[in-house]
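For reference, the chains in residue letters:
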Amino acid sequence: MAKLNKDSLKTLSFITYFIILFVFWFILSGYLKSLLLFFGLVSVLFVFWMSYRAKALEEDSLPLKIILRLPFYWIWLFKEIFKSGITTTALIWNGKYSPQLISVKASQKNRTGIANYANAITLTPGTVTIEVDKKTFLVHALSKKLSEDLQTDDMNKVITDLDK
Amino acid sequence: MSYNYIELVSLVLLAIGCFFILSGSLGLIKLPDVFSRIHAAGLIDTLGSGFIVLALIVYSGFSLLSLKLLLIPLFLIFTSPVTGHAIALFAHESGYKPKGKNKK
Amino acid sequence: MIFFATLIVLGVSVALCLVRAIKGPTPFDRILSISSIGTIIAIGISVHGFAFDRPDFVDISLMYILLNFLGTIAILRYYKIKRKKSNVV
């Protein structure tokens, strides 16, 4: 993939976006007649033109390198959500919460990586990103154990490796 | 006698999902301030909905309907952090301070 | 039968969220609990579709989730703009 120049990479990401949109249309409707498939193609082309016009297809928005590694990352993320969700449920039922603010440093290079990291922190129950400065987050954690889990930098390393 | 394995598995998954949703909404009442209650809402959005949708997928079997059911947690995974972050940011900007010790 | 029991539990948790929406001291508490009620009801719509053997309700549930997200963001923006104006005047 490193051999390709910038233009062909852009074309490849356009094609990927088109395929994703068409699969999404098919899941929602489920028709297989040719006339309805043609109407689906027209509506997918309309949405494609709209998002091209809204400049939603710039270089940052659909990184192809990430898509291949995405399923493994999501399995890891589900495991993480499950672990901290059980911790949060136990905290709610036994009432031993001690909320606190911490600051976390991010080591991702581009904007997509930083947004991804902040999203992952907010998605796991028990930690919420409040403010995003350039490379430091202000994070609200529900207990001391959850904030120490975040400060071991495991999640940061995984999301930085995603973009290599 | 009429119970088979599929119904039993989906019953267990539904019970787990109901437990998570109930404890999330209990946390919405019990926890002390806005920033802590966002964690409880996140618990409902991720684990509760995930387990209930998993139970429905197991019950219905694999078809186009189960793909459509998989879209529900996918949308929730994309929209729930945005809502939580927006509420936390606006509450912080409006001057509400979180309770507890704050080491910056 | 199991789906009716699930619907009852979902109704109880909607009632618990509603307590916070009525009581909540800050506006953000109310917005948060309304958004949680929206999520629970969207799940409840699809469970209701399975309980009455009409699985087409999943489409309505998907639309409900997206509209709930848009509504929450719209109320937050409206509140912010209104607050900014009242500070100026």
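Residues numbered from 1 in each chain as written. Chains lettered and ligands numbered in written order. Predicted model: local features only at pLDDT ≥ 70, side-chain atom pairs only at ≥ 80, totals over all residues.

Enquirer: Tell me about the pairing of strand β3 (residues 136–141) of chain A, and please be specific about residues and values.
Expert: Residue and element names in this part refer to chain A. Here six bridges tie strand β1 (residues 100–105) to β3, and the two strands are oriented antiparallel to one another. When the bridges of β3 are listed, I102 appears paired with V139. Relative to β3, strand β2 (residues 127–132) is paired through five bridges, and the arrangement is antiparallel. By the bridge assignment for β3, T129 is matched with V139. The antiparallel hairpin formed by β2 and β3 contains three residues in its connecting segment. (Pairing = 2+ DSSP bridges. Helix = DSSP H or I, 4+ residues; strand = E, 2+ residues; numbered from the N terminus.)

Enquirer: If you had to explain unusual backbone geometry to someone new, which residues and values would you point to?
Expert: Of note in this structure, A:D153 is not a glycine but carries a positive phi near 70 degrees. Tracing the chain through its elements places A:D153 in the loop between α5 (144–151) and α6 (154–161). Phi is positive for C:D53, close to 60 degrees, though the residue is something other than glycine. Looking at the secondary structure, you find C:D53 in the loop between α2 (27–51) and α3 (57–88). Residue classification places C:D53 among the exposed positions, given that 6 C-beta atoms sit within 10 Å. (Buried ≥ 20, exposed ≤ 12 C-beta atoms within 10 Å, placed from the backbone.)

Enquirer: With reference to specific residues and values, describe the interface of chain B and chain C.
Expert: Across the contact, 35 residues belong to chain B and 35 residues belong to chain C. Among the elements that line the side of chain B that touches chain C, the one with the most residues is helix α3 (residues 64–93) of chain B, at 13 residues. Here the residues of the side of chain B that touches chain C are counted per class, giving 26 nonpolar, six polar and three charged. (Contact = placed C-beta atoms within 7 Å. Nonpolar A, V, L, I, M, F, W, Y, C, P; charged D, E, K, R; others polar.)

Enquirer: Could you give an account of the interface of chain A and chain B, naming the residues involved and the relevant values?
Expert: Interface size is often expressed as the accessible area that is lost when the parts come together. At the interface, 26 residues of chain A touch 34 residues of chain B. For the side of chain A that touches chain B, the elements supplying multiple residues, two or more each, are α3 (64–94), β1, α4 (111–123) and β2 of chain A. When residues of the side of chain A that touches chain B are assigned to their parent elements, the largest contribution, six residues, is made by α3(A). When the residues that make up the side of chain A that touches chain B are grouped by side-chain class, the tally is 13 nonpolar, twelve polar and one charged.

Enquirer: Outline the packing of helix α2 (residues 34–60) of chain B against α2(C), supporting the account with residue identities and numerical values.
Expert: Running from N to C, α2(B) and α2(C) cross one another at 5 degrees; their axes reach a closest spacing of 10 Å. Overall, the two elements α2(B) and α2(C) adopt an arrangement that is roughly parallel. Facing B:V34, B:R37, B:I38, B:A41, B:I44, B:D45, B:S49, B:I52, B:L56 and B:Y59 of α2(B), the residues of α2(C) in contact are C:F28, C:D29, C:L32, C:S35, C:S36, C:T39, C:I40, C:I43, C:S46, C:V47 and C:F50. Broken down by class, the residue content of the contact of α2(B) with α2(C) amounts to 13 nonpolar, five polar and three charged. (Axes fitted to C-alpha atoms, helices over the stretch in contact; angles between N-to-C directions. Parallel < 35°, antiparallel > 145°, perpendicular 65-115°, else oblique.)

Enquirer: Which residues make up the nonpolar core, and what values do they have?
Expert: Counting 66 residues, the largest nonpolar core has A:V139, B:I38, B:I52, B:A55, B:I87, B:A88 and C:I65 as the members making the most contacts within it. The dominant element in this core, judged by the number of residues it contributes, is α2(B), at 14 residues. Every residue in contact with B:I38, bar those within four places of it in the chain, is listed here: A:V128, B:G84, B:I87, B:A88 and C:L32. (Core = buried A, V, L, I, M, F, W, Y, C linked by C-beta atoms within 7 Å.)

Enquirer: Tell me about α6(A), and name the residues and values.
Expert: Think of an α-helix as turning once every 3.6 residues; residues three or four places apart then point the same way. Residues and elements named next belong to chain A. Those residues of α6 that sit buried are M155, N156 and I159. Across the axial projection of α6, the buried residues extend over an arc of 100 degrees, all falling on one side. In α6, the exposed positions that point more than 90 degrees away from the buried face belong to D154, K157 and D161. The secondary structure elements touched by the buried residues of α6 are α4. (Arc of directions from axis to C-beta.)

Enquirer: Break down the arrangement of the chains for me, citing the residues and quoting the values.
Expert: In this assembly, two pairs of chains are in contact, and the pair with the greatest number of contacts comprises chains B and C. The least C-alpha distance between chain A and chain C, which are not in contact, is 8 Å.

Enquirer: Any chance you could break down the packing of helix α1 (residues 5–30) of chain B against helix α1 (residues 2–23) of chain C for me, citing the residues and the numbers?
Expert: Axis separation between α1(B) and α1(C) bottoms out at 8 Å; the angle between their running directions is 10 degrees. It follows from the interaxial angle that α1(B) and α1(C) lie roughly parallel. Across from B:L11, B:L14, B:C18, B:I21, B:L22, B:S25, B:L26, B:L28 and B:I29 in α1(B), the residues of α1(C) making contact are C:I2, C:T6, C:V9, C:L10, C:S13, C:L16, C:C17, C:V19 and C:R20.

Enquirer: Account for the sheet that holds β2(A), with residues named and values stated.
Expert: Whenever strands of a sheet pair, they do so through backbone hydrogen bonds, lying parallel or antiparallel. Spatially, β1-β3-β2 (chain A) is the arrangement adopted by the three strands of the open sheet, whose pairing is antiparallel. Both edges of this open sheet fall to β1 and β2 of chain A, since each of them pairs with a single strand only. For this sheet the average axis-to-axis angle between neighbouring strands, irrespective of direction, equals 35 degrees. Across the sheet, α3(B) is in contact with β2 and β3 of chain A; its angle to β2(A) comes to roughly 55 degrees.

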